[in-house]
Amino acid sequence: MPEDLRSKATTLTTSDGVHLSALVLGDGPDGVLLDHEQGYSICSFVDIGRQLAKRGYHVVIPEYRNHGASQKTAVNEHIDRDARAGLTELRRVGAKRVFLAGASCGGTTAAVAGVDTPLRVVGLLMMSSPARCGGDGVAAVRKLSVPTLLVVSPGDMEGAVEEQVREVYAASAAGKKELVIDKSGFHGTDMIKRAGASGAALQDRVIQFVTDSYAAAH
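Residues numbered from 1 in each chain as written. Predicted model: local features only at pLDDT ≥ 70, side-chain atom pairs only at ≥ 80, totals over all residues. Heavy atoms only, no water.

### As for the pattern of salt bridges
The tally for this structure, following the rule as stated, stands at 14 salt bridges. The partner of D16 in a salt bridge is R65, and the shortest N-O contact between them spans 2.9 Å. Residue D16 is found in the loop between β1 (9-13) and β2 (19-25), and its partner R65 is found in the loop between β4 (58-62) and α2 (80-92); the two are separated by 49 residues along the sequence. Take D16: its relative accessible area is 31%, and that puts it in the partly exposed class. With a relative accessible area of 2%, R65 lands in the buried category. (Salt bridge = Lys/Arg side-chain N within 4 Å of Asp/Glu carboxyl O. Helix = DSSP H or I, 4+ residues; strand = E, 2+ residues; numbered from the N terminus. Buried < 20%, exposed > 50% of the residue type's maximum accessible area, 1.4 Å probe, protein only.)

### A look at the nonpolar core
Within the largest apolar cluster, 33 residues are counted, with the highest numbers of intra-cluster contacts made by V98, L100 and L124. Every element with two or more residues in this core is listed here: α2, β5 (97-103), α3 (105-114), β6 (120-127), α4 (137-141), β7 (148-152) and α5 (160-171). Sorting elements by how many residues they give to this core places α3 first, with five residues. What V98 contacts, discounting residues up to four positions off in sequence, is G31, V32, L33, L87, L90, L119, R120, V121, V122, G123 and Y214. Residues L5, L25, I48 and Y57 belong to the second largest nonpolar core, which totals 31 residues. (Core = buried A, V, L, I, M, F, W, Y, C linked by side-chain atoms within 4.5 Å. Contact = heavy atoms within 4.5 Å.)

### Quick look at helix α7 (residues 196-217)
Taking 1.5 Å of rise per residue, 22 residues should cover 32 Å, and α7 covers 32 Å from first to last C-alpha, within 8% of that figure. Buried within α7 are the following residues: G199, L202, Q203, V206, I207, F209, V210, S213, Y214 and A217. In an axial view of α7, the angular spread of the buried residues amounts to 145 degrees, which keeps them on one side of the axis. In α7, the exposed residues that point more than 90 degrees away from the buried face are A197, D204 and A216. (Expected span 1.5 Å × (residues − 1). Arc of directions from axis to C-beta.)

### Thoughts on the packing of aromatic side chains
By the definition in use, this model includes two aromatic pairs. Positioned above the aromatic ring of Y169, the side-chain terminus of K177 is 4.7 Å from the ring centre. (Phe/Tyr/Trp six-rings, centres within 6.5 Å; stacked < 30°, edge-to-face > 60°. Lys NZ or Arg CZ within 6 Å of the ring centre and 35° of its normal.)

### Looking at unusual backbone geometry
For S104, which is not glycine, the phi torsion reads 55 degrees and is therefore positive. Mapping S104 onto the fold places it in the loop between β5 and α3. Unusually for a residue other than glycine, M157 sits at a positive phi of about 50 degrees. For M157, the location among the structural elements is in the loop between β7 and α5. Classification of M157 by relative accessible area gives exposed; the value is 61%.

### Looking at the environment of G188
Relative to the helices and strands, G188 is located in the loop between β8 (177-181) and α6 (190-193). A residue is classified by how much of its surface remains accessible, and G188, at 0% relative accessible area, is buried. With 61 residues separating them along the chain, G188 and M127 place their C-alpha atoms 5.2 Å apart. For G188, the residues in contact, after removing those within four places along its chain, are E37, A103, M127 and S128.

### Description of the environment of A22
The topology assignment puts A22 in strand β2. The exposure class assigned to A22 is buried, which follows from its relative accessible area of 1%. In this structure the C-alpha to C-alpha distance between A22 and V151, which are 129 residues apart in sequence, comes to 25 Å. Ignoring any residue separated from it by four or fewer positions in sequence, one finds A22 in contact with K8, A9, T10, L12, I42, I61, P62 and E63.

### Some points on the sheet that holds β1
With respect to topology, eight strands assemble into an open sheet ordered β1-β2-β4-β3-β5-β6-β7-β8, the strand pairing being mixed. Looking at strand neighbours, the two that pair on one side only are β1 and β8, the edges of this open sheet. In this sheet, neighbouring strand axes are inclined to one another by 20 degrees on average, regardless of whether the strands run parallel or antiparallel. The pairing of strand β3 (residues 30-35) with β4 spans three bridges and is classified as parallel. If you follow L33 over to β4, its bridge partner there is V60. Packing of α2 onto the sheet brings it into contact with β1, β2, β3, β4 and β5, and relative to β3 it is tilted by some 160 degrees. Of the strands in this sheet, β6, β7 and β8 touch α5, which is tilted by about 170 degrees from β8. (Pairing = 2+ DSSP bridges. Axes fitted to C-alpha atoms, helices over the stretch in contact; angles between N-to-C directions.)

Structure follows, in structure tokens:
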């Protein structure tokens, strides 16, 4: 955790009583949920979270159970509840609307949790996200008609991830939806963090998509 962000750390409690570490950045009514992939941590989205907070968004980055400083549990199921805890925190701190975002299973669970949140959903980002993980992402995107950006590398798991992302894309009810085929070969936020200039360009694209989605929601 960067030292200057330690004062932004908090603890969330899920509906099944699991304690999660989390970062809350920025303020205001326009929220962004950033859900990391399995095996990673809050740090996956810190850079994007910082940039979004500077642009006036209220960002929550939960750390899923059995990851980082969050509580360890015997079973790593129900991670959709971790995404819901992040949405609950956004609402508690004053957000009225939310852009849902996540990498790998974090993207799937963000979509699943976003279906029944009382916050108004304005957009969705799923990076390398499987069709089903912690819930049914295909069923979720059929109910989310908001602008949607899906990103995947074609070589990820020998094409298996791209196949699932295309399934999600085909099922999406969004009037505006984009499928970005990233040539880096990386998975999830590694497409941004480990891909040099193309990663920096992808990060800019993601941030612009959040901004555009909010502009379209006004």
